[in-house]
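Remarks on the overall topology
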Amino acid sequence: MSEKKDAGFAKMETNANSLDLGRLYGAILDDRRLVIITVVVMMLLGVVFYFFATPIYSTDAMVQVETNAGSALINDLSRLLPDSQPKSDAQIKMIKSKLVQFKTIQELNLDIEQEEHFYPLFGKGWARLTHQPHNMLEIGHLQVPDTMLGQWLTFTVTGPKTFQLSFDGRPLVNGTVGQPATADGVSITVDNLQAKDNTVYTVRKLPIRDAYDKLVAGLSVADAGVDTGMLEMTLKGENPLRDQKVLNSIANNYVLQNVQRNSQEAANSLEFLKQQLPLVHEELDRSEDKLNAFRQKSDSVDMSLEIRSALDTMVNLDNSLNELTFKEAEISQLYTPEHPTYRALLEKRKILEDEKTALNKKISSLPNTQQELLRLNRNVDSEQEIFMQLLRKQQELSINKASTVGDVRIVDYATSEVAPVFPKLSLIEAFAAILGLLLAVTFIVMKIMMRRGIEGARELEEQGITVYANVPFASNQSRLASIPILGNLSKNNKAKKSREVLAITDPADLTVESLRSLRTSLHFAMIEAKNDILMITGAVPQAGKSFISVNLAAVIALTGKKVLLIDADMRRGSAHEYFGFNPRKGLSSVLAGQQTVSEVIHETEIPELQVITRGRTPPNPAELLTSKRFEDLLEWANQNYDLVVIDTPPVLSVTDASIIGQIVGTTMMVARFELNTVKEVEVSIKRLEQSGVNVKGCILNAIVRRSANYYSQNYSYDAFYTYEYKRHIDKD
């Protein structure tokens, strides 16, 4: 038996912890008002957020990356590779590189942040909605010590053109608009200030890397189409004019670096020529000075035609060799020495060098004076020709550098959308509705998972406990589980009613009908009982045992049987509240010997129903119940009434029910729907059985018909259905 019960408890625990979709759907239907209210409230909050949120605008620009035929062929081949990446990836990374972004940050002072003080949450939105004058602060320069980088400083407007910069309440700089101000290692220049006195801003100087990370995080660069070479840059922010300047600066810096990269070879050559031209010019001057000095010394001014011819030939050979040297420098960047073009150049150089060697042998046969004169003239002419070649090359490279366009151009400069991209009322309302639905469903799921009460008679029957009745919750049963409150006593010594007897006020109610069914079941259950005394008890308070006792007694009395209702809960009994009786005279007075039974019996609206209230609260209720007077009272009541109904305290709270149960003939346990657990009922029955009390069965009270139980996979078919009376109106 114990193993069967343990298995049953384990099964119920599994059912309680599991949540099937049907049960969840039914629970949502049960709490649909909560779901609707939550969704509506969240949507109203969404409307408030829409009006007070700061608008965000989208700004975009477009650049084009042109490709030549050679690179296009390479891109087509690379596209066939398995691990190939889009050709635009390199350009996107270049746009987001520090090379481009650092220039933009420095140009626009993006490492300087400023925020105007508003009231928290709604201050900024309220200022925008009420069209308050827009303040303006433009800081052209801000320099702080390294320890203050990233720290917020307080900027306070002290006058029409004056301000104060402070840190942690300590003034740092007092300055004037348009003039640099420096103090304690802090330097600031305010270009423009339009704000009222005492307007407060917070400003800070960011490390350039933090400013870069923040800028790149908000910058989006993507292909405008597949293999179009068009890149679209997008920046979102609350200041569209500032975002336009930022995007235009990024686009210009991107194009500039591309042009600089394409003209880098010419720039390097120009730099080399700038270094070499002064040296060649100095060497030419020295050669001319030597030639003039030799002529003055040798008194030789003219040269013969033969020497002049040899000199011209030598100079031409030197010029040809110099030109080959320039060509070799260019060809070496394109070809290897084994290439035919490179080999042809080397062969031509060898021929010229051989001719120069033969000419030198011929010149060596001339007199020494003629040889020296020829050598000096050759040096002057050669160096002069080299100098002129360098000048021409410098001019060519300068023109080449100036005319370099690059393969990137700006197609569309930055423009901002007129309407903000955020907030969007439709999206916010949709999100708010979904969020409200999720919150409501989450609450419902948590409530279901935390619910441990009895949800059906089957849970009790699986433990071998007979359920005699399923009593639904009555709409006017609102004070069923409330703590009794005494009313004011009237002159006729009766208390004001705080509850109603449902069997009298609404006999057609479904709850009363279920009690009639219980009346029939009790008729057969009490046939073999030792007496006609019925004890109604419960496991814990607020189970509704008093409600069941009072209405069951009324339902039985309405059949013509003489019924006595005894409120044996001398601590917190509430039977007197249903009839408006004075609770001061009752059971405790009889058991204490202060009054007789006839003095404490109250008549009710039902002639066959009489009531004995609890009486004054005694200090020793259990001792009074074990007295001989209580046994004599029950014996007298059993002889003079067809049925005696006793309402007792909860079993798990006090021992009164165990004492009374030894005398009565039938005992019924009341368990409340979703309040009491099966374990509580099981322990209560076990405690009564240990005292020799046989519990006949259980009454499941205050059942609420829930869709969650109907749609659940563990649905029990012990639900109740309304079968109302049909009222006919007879016409005369």
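Cut-offs used in this document
Residues numbered from 1 in each chain as written. Predicted model: local features only at pLDDT ≥ 70, side-chain atom pairs only at ≥ 80, totals over all residues. Heavy atoms only, no water. UniProt positions renumbered as here; feature names shortened; annotations may be inferred. Helix = DSSP H or I, 4+ residues; strand = E, 2+ residues; numbered from the N terminus. Buried < 20%, exposed > 50% of the residue type's maximum accessible area, 1.4 Å probe, protein only. Contact = heavy atoms within 4.5 Å. Salt bridge = Lys/Arg side-chain N within 4 Å of Asp/Glu carboxyl O. Axes fitted to C-alpha atoms, helices over the stretch in contact; angles between N-to-C directions. Left-handed = near helix turned anticlockwise from the far one by under 90°. Nonpolar A, V, L, I, M, F, W, Y, C, P; charged D, E, K, R; others polar. Arc of directions from axis to C-beta. Phe/Tyr/Trp six-rings, centres within 6.5 Å; stacked < 30°, edge-to-face > 60°. Lys NZ or Arg CZ within 6 Å of the ring centre and 35° of its normal. Pairing = 2+ DSSP bridges. Parallel < 35°, antiparallel > 145°, perpendicular 65-115°, else oblique.

Where an unreviewed UniProt entry is consulted, the protein chain appears under the name Tyrosine-protein kinase, with the organism given as Rouxiella badensis. According to its UniProt record, the protein chain has this under Sequence similarities (unreviewed entry): "Belongs to the etk/wzc family." The UniProt entry for the protein chain carries the following comment under Catalytic activity (unreviewed entry): "L-tyrosyl-[protein] + ATP = O-phospho-L-tyrosyl-[protein] + ADP + H(+)".

A word on the overall build of the protein chain
Across its full length, the protein chain carries 26 helices and 20 strands. The proportion of buried residues among the 732 residues of the protein chain is 42%. Taking the intrachain contacts of the protein chain between residues at least 6 apart in sequence as the baseline, contacts between residues at least 24 apart amount to 80%.

Some details on the pattern of salt bridges
Under the counting rule described, the total for this entry stands at 16 salt bridges. Close ionic contact of Arg-242 with Asp-243 constitutes a salt bridge, the shortest N to O distance being 3.6 Å. Look at Arg-242 and you get partly exposed, because its relative accessible area is 42%. For Asp-354, the salt bridge is made with Lys-350, and the minimal N-O distance between the two is 3.4 Å. Taken together, the residues Asp-354 and Lys-350, both in helix H12 (residues 340-363) and 4 residues apart, mark about one turn of the helix. According to the relative accessible area criterion, Asp-354 is partly exposed, its value standing at 42%.

With respect to the packing of helix H3 (residues 32-52) against helix H14 (residues 425-450)
Interaxial distance between H3 and H14 falls to 8 Å at its minimum, and their mutual angle equals 145°. Crossing hand, H3 versus H14: right-handed. Residue-level inspection shows Leu-34, Val-35, Thr-38, Val-39, Met-42, Met-43, Gly-46, Val-47, Phe-49 and Tyr-50 of H3 in contact with H14, the latter providing Leu-425, Ile-428, Glu-429, Ala-432, Ala-433, Leu-435, Gly-436, Leu-437, Leu-439, Ala-440, Phe-443 and Ile-444. For the contact of H3 with H14, a count of residues per class yields 18 nonpolar, 3 polar and 1 charged.

Some remarks on the side chain of Asp-243
Of note, Asp-243 is situated in helix H9 (residues 240-262). The class of Asp-243 is buried, set by a relative accessible area of 2%. Beyond its immediate sequence surroundings of up to four residues, Asp-243 is in contact with Tyr-57, Thr-59, Leu-235, Lys-236 and Gly-237.

A word on helix H6 (residues 98-108)
One full turn of an α-helix is made of 3.6 residues, so residues set three or four places apart face in the same direction. Where H6 is concerned, the buried positions are Val-100, Gln-101, Thr-104 and Ile-105. Across the axial projection of H6, the buried residues extend over an arc of 130°, all falling on one side. Backbone geometry just downstream of H6 places Asn-109 in the positive-phi region, at approximately 55°.

Points about the packing of aromatic side chains
The final tally for this structure, using the stated rule, is 8 aromatic pairs. When the ring of Phe-52 is compared with that of Phe-122, the centres are 5.0 Å apart and the planes differ by 75°; the resulting orientation is edge-to-face. One end of the pair, Phe-52, is in helix H3; the other, Phe-122, is in the loop between strand E2 (112-116) and helix H7 (123-129), and 70 residues separate them in sequence. A residue is classified by how much of its surface remains accessible, and Phe-52, at 22% relative accessible area, is partly exposed. A ring pair is formed by Phe-155 and Phe-163, whose centres lie 4.9 Å apart and whose planes are at 20°; its orientation type is stacked. The exposure classification of Phe-155 matches that of Phe-163, with both residues buried. Within the aromatic cluster, the residues linked to one another by ring pairs are Phe-155, Phe-163 and Tyr-201. One Lys or Arg, Lys-562, reaches over the ring of Tyr-641 and ends 4.9 Å from the middle of that ring.

Here we look at the sheet that holds strand E8 (residues 186-194)
With antiparallel pairing, the 3 strands of this open sheet are ordered in space as E3-E8-E7. With one partner strand each, in any of the chains shown, strand E3 (136-143) and strand E7 (181-183) form the two edges of the open sheet. For this sheet, the mean inter-axis angle between neighbouring strands, taken without regard to orientation, is 25°. Where E3 and E8 come together, 7 bridges link them in antiparallel fashion. By the bridge assignment, Leu-137 is partnered in E8 with Leu-193.

Here's the deal with unusual backbone geometry
With an omega dihedral of 5°, the bond running from Phe-422 to Pro-423 counts as a cis peptide bond. Relative to the helices and strands, Pro-423 is located in the loop between strand E12 (408-416) and H14. Phi is positive for Asn-198, close to 70°, though the residue is something other than glycine. Checked against the element boundaries, Asn-198 lands in the loop between E8 and strand E9 (200-205). Positive phi values are uncommon outside glycine, yet Glu-674 reaches one of about 65°. Along the chain, Glu-674 falls in the loop between strand E19 (666-672) and helix H25 (678-690). Judged by relative accessible area, which is 19%, Glu-674 ranks as buried.

Side note on helix H8 (residues 208-218)
Here H8 has its buried residues at Ala-211, Tyr-212, Leu-215 and Val-216. Along the axis of H8, the buried positions cluster into a sector of 125°, meaning they face one direction only.

What about the packing of H6 against H8?
The N-to-C vectors of H6 and H8 enclose an angle of 105°; their axes lie 10 Å apart at closest approach. With respect to each other, H6 and H8 are oriented roughly perpendicular. In contact with Lys-98, Gln-101, Phe-102, Ile-105 and Gln-106 of H6, H8 contributes Ile-208, Arg-209, Ala-211, Tyr-212, Leu-215 and Val-216. Residues that form the contact of H6 with H8 fall into these classes: 7 nonpolar, 2 polar and 2 charged.

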